[in-house]
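# Structural overview for review
One letter stands for each residue in the lines below.
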There are 2 protein chains.
Amino acid sequence: MKLSVRGEYALRALQVLARHSGDAVVPMQTIATEQNIPRRFLEQILHGLKAAGVVESRRGITGGYRLARPASEIPLATIIRHVDGALAPLSCVSHQFYEKCSCPDEARCALRSVMKEVRDTVAAMMERMTLADLVARAEALQAQPMEPVDFVI
Amino acid sequence: MKLSVRGEYALRALQVLARHSGDAVVPMQTIATEQNIPRRFLEQILHGLKAAGVVESRRGITGGYRLARPASEIPLATIIRHVDGALAPLSCVSHQFYEKCSCPDEARCALRSVMKEVRDTVAAMMERMTLADLVARAEALQAQPMEPVDFVI
DNA sequence: CAAATCTTGATGAATCAAGTCAGGAATCTA
DNA sequence: TAGATTCCTGACTTGATTCATCAAGATTTG
């Protein structure tokens, strides 16, 4: 798994929506400003996530986006797969994005066997972790004191 | 971590060299033929691995490549990093290929914290696994019976 | 010297990543 | 109803990267 800038933006944007779970919708401009994401680009990303059924939108002056399901029911795996594709390091070990590779016998390819373990490990982690967990972790990190950059009196 | 075709070729080629550890050198053409890798492309890849100190070469009619160290001392992590770069899903959590990301406070970025765990897990796996392990696994898989594709009498 | 090999550097086509743009459609408020 | 604000749609641009291919040179052995 390699996260593109697009994927990073998607996760950061959804984290904002997860944090505002109570609100009706959050306008895109708010997300763009808060997370410093180019607005036009974010437009494209959110539209993709809507097509994927991850978010819902509302038009007009009171418009914006919100999560289509509770944050605790949206695993990071789902988002990453929609935006950046396979979690697997090789597409021949991907479940959802499987592609045949060039080795003669997949069933007995040592490299494939190793990469399958990597895939399974990463997929399990990303499947377990949800947007709600991400928000919770952000709050926990916020609670920590600022790094003592300059602590001399 | 996402493995490019280049990275896959590199690992497969080195697996051949590891298997022929006794031999003086293995000519590139042998590797290219056995693993079905375009020769010109393999040339480029092996040259890179030589610059990285992973393989040694010998010119002339008896020329070829061999591992610069015992296969058991070459972790997959080393190879992948040289050919495909960072193991981390985000460069802001990479040790060797660190790049600052756009979030305001890295130390308290939830996404970074999660991806750091992924990186640590993947890096540990790839650091532990060596070329020798890869060869051993290939042999173990070879020992398995052929898949019963057609078992009807 | 001839043949096989690695060495070096250039080149090329296709694809992708990141971002931009224009014009349209929906929705609310005055 | 007008106007402001928002999302919707699809095309486009720019630069880098990926996956190679090629030519000419250097080295080594028979």
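Conventions and cut-offs
Throughout this document, residue positions are counted from 1 along each chain, in the order its sequence is written. Chain labels run from A onward and ligand labels from 1 onward, assigned in the order the entries are written. Reporting in this predicted model follows two pLDDT cut-offs: at least 70 for local features of residues, and 80 or more for side-chain atom pairs to be given and counted; totals over whole chains, interfaces and linings ignore these cut-offs and use all residues. Computation of side-chain values: all heavy atoms of the structure, hydrogens and water removed. Secondary structure follows DSSP: runs of H or I at least 4 residues long count as helices, runs of E at least 2 residues long count as strands, and numbering of each begins at the N terminus. Here a polar contact is taken to be a pair of N or O atoms separated by no more than 3.5 Å, where protein atoms must pair a possible hydrogen donor with a possible acceptor and residues adjacent in sequence count only if both atoms sit in side chains. Whether two residues are in contact is decided by their heavy atoms, any of which lying within 4.5 Å being enough. Paired strands, as defined in this entry, are two strands with at least two bridges between them according to DSSP. Here the copies were fitted onto each other by least squares, based on C-alpha atoms from residues at pLDDT of at least 70 in both. By convention in these notes, a residue is near a molecule or strand provided one of its non-hydrogen atoms lies within 4 Å of it. Under this grouping Gly is polar, as are all residues other than the nonpolar Ala, Val, Leu, Ile, Met, Phe, Trp, Tyr, Cys and Pro and the charged Asp, Glu, Lys and Arg. Cavity and pocket criteria rest on a 1 Å grid covering protein atoms alone: a 1.4 Å probe that fits but cannot get out defines a cavity, protein on both sides within 12 Å along at least 5 of 7 lines defines an open pocket, and an atom within 4 Å of a point defines a lining residue. Grid points are joined across faces, edges and corners, and a volume is the space filled by probe spheres set on the points. Here's the idea: put two parts together, see how much 1.4 Å probe accessible area each one loses, and the total over both is what we call buried area. Within this document, salt bridges are pairs made up of a side-chain nitrogen of Lys or Arg and a carboxyl oxygen of Asp or Glu, the two lying within 4 Å of each other. Reported domain spans reflect what an automatic or database domain assignment gives. In what follows, a disulfide is any cysteine sulfur pair within 2.5 Å.

## Some thoughts on the side chain of R12 of chain A
You can see R12 of chain A is positioned in helix α1 (residues 5–19). A polar contact of 2.6 Å, which involves the side chain of R12 of chain A, links it to the side chain of E8 of chain A. Of note is the side chain of R12 of chain A, whose polar atom sits 2.8 Å from the side chain of Q35 of chain A. Each residue touching R12 of chain A, except ones within four places of it in the same chain, is listed here: Q35 of chain A together with S102, C103 and L111 of chain B.

## Observations concerning the pairing of strand β1 (residues 55–58) of chain A
Residue and element names in this part refer to chain A. Both β1 and strand β2 (residues 64–67) contribute to a ladder of four bridges, which runs antiparallel. For R58, the partnering residue across the bridge sits in β2 and is G64. Between β1 and β2, which pair antiparallel in sequence order, lie five residues; one of them, G60, sits at a positive phi of approximately 85°.

## As for the relation of the copies chain A and chain B
Each copy of the sequence occupies a distinct position, and chain A is placed on chain B by a rotation of 180° and an axial shift of 0.0 Å, giving an RMSD of 0.1 Å. Taken together, the rotation angle and the small translation identify this as a two-fold axis. Of every C-alpha in chain A, the one belonging to M1 of chain A sits nearest the axis of rotation, 2.5 Å from it. With an isologous cut-off of 70% or more, the 100% of interface residues of chain A that recur at the interface of chain B puts this contact in the isologous class.

## A few points about the protein's contact with DNA strand D
Taken together, 28 residues form the shell around DNA strand D, and within it H47, S57 and Y65 of chain A together with R58 and R59 of chain B come nearest. The share of sugar and phosphate among atoms of DNA strand D within 4 Å of the protein is 70%. Within the contact set of DNA strand D, a base oxygen lies 3.3 Å away from a backbone nitrogen or oxygen of G60 of chain B. For the surface near DNA strand D, the elements supplying multiple residues, two or more each, are α3 (39–51), β1 and β2 of chain A together with α1 (5–19) and α3 (39–51) of chain B.

## Observations regarding the protein's contact with DNA strand C
Around DNA strand C sit 26 residues, and of these R58 and R59 of chain A together with H47, R59 and Y65 of chain B come closest. Among the atoms of DNA strand C close to the protein, meaning within 4 Å, 72% are from sugar or phosphate groups. The contact in question runs from a sugar or linking oxygen of DNA strand C to an N or O atom on the side chain of R59 of chain B, over 3.1 Å. Within the backbone of G60 of chain B, one N or O atom sits 3.3 Å away from a sugar or linking oxygen of DNA strand C. Looking at the surface near DNA strand C, the elements that each hand over two or more residues are α1 and α3 of chain A together with α3, β1 (55–58) and β2 (64–67) of chain B. When its residues are assigned to classes, the surface near DNA strand C shows nine nonpolar, nine polar and eight charged.

## Thoughts on empty space enclosed by the protein
One pass over the structure, following the stated rule, counts two cavities of 30 Å³ or more. Estimates place the volume of the largest cavity at around 50 Å³. If you go around the largest cavity, the residues you meet are M1, V118 and V122 of chain A together with M1, L87, P89, V118, R119 and V122 of chain B. For the lining of the largest cavity, the elements supplying multiple residues, two or more each, are α5 (110–128) of chain A together with α5 (110–128) of chain B. Of the residues assigned to the lining of the largest cavity, the class counts are eight nonpolar, no polar and one charged.

## Section: the interface of chain A and chain B
With 39 residues of chain A at the contact, the number on the chain B side is 40 residues. Carbon and sulfur atoms supply 65% of the area buried between chain A and chain B, which totals about 3700 Å² over both sides. Linking chain A with chain B are two salt bridges. Between E117 of chain B and R137 of chain A there is a salt bridge, and its shortest N-O distance comes to 2.9 Å. The tally of links between chain A and chain B comes to nine residue pairs in polar contact (both at pLDDT 80 or more). Within the residue set of the side of chain A that touches chain B, elements represented by two or more residues are α1, α4 (76–84), α5 and α6 (131–143) of chain A.

## Some details on the domain arrangement of chain A
By a widely used convention, the size of an interface equals the accessible area lost when the partners come together. Residues and elements named next belong to chain A. Here the domain parsing of chain A yields domain 1 (1–85) and domain 2 (87–130). Computed over C-alpha atoms, the centres of domain 1 and domain 2 are 27 Å apart. Facing the ten residues of domain 1 at the interface are twelve residues of domain 2. Surface buried jointly by domain 1 and domain 2 totals about 990 Å² across both partners, of which 63% is contributed by carbon and sulfur atoms. A per-residue breakdown of the area domain 1 buries against domain 2 is headed by M1, L76 and R81, which together make up 58% of the total. At the junction of domain 1 and domain 2, the tally comes to one salt bridge. With a shortest N-O distance of 3.3 Å, E127 and R81 are connected by a salt bridge. Applying the counting rule to domain 1 against domain 2 returns five residue pairs in polar contact (both at pLDDT 80 or more). For the side of domain 1 that touches domain 2, the residue count by class is seven nonpolar, two polar and one charged.

## Re the state of the cysteines
The tally for this structure, following the rule as stated, stands at zero disulfides over all chains. This cysteine, C109 of chain A, is not joined by any disulfide, and C103 of chain A carries the nearest cysteine sulfur, 3.8 Å off.

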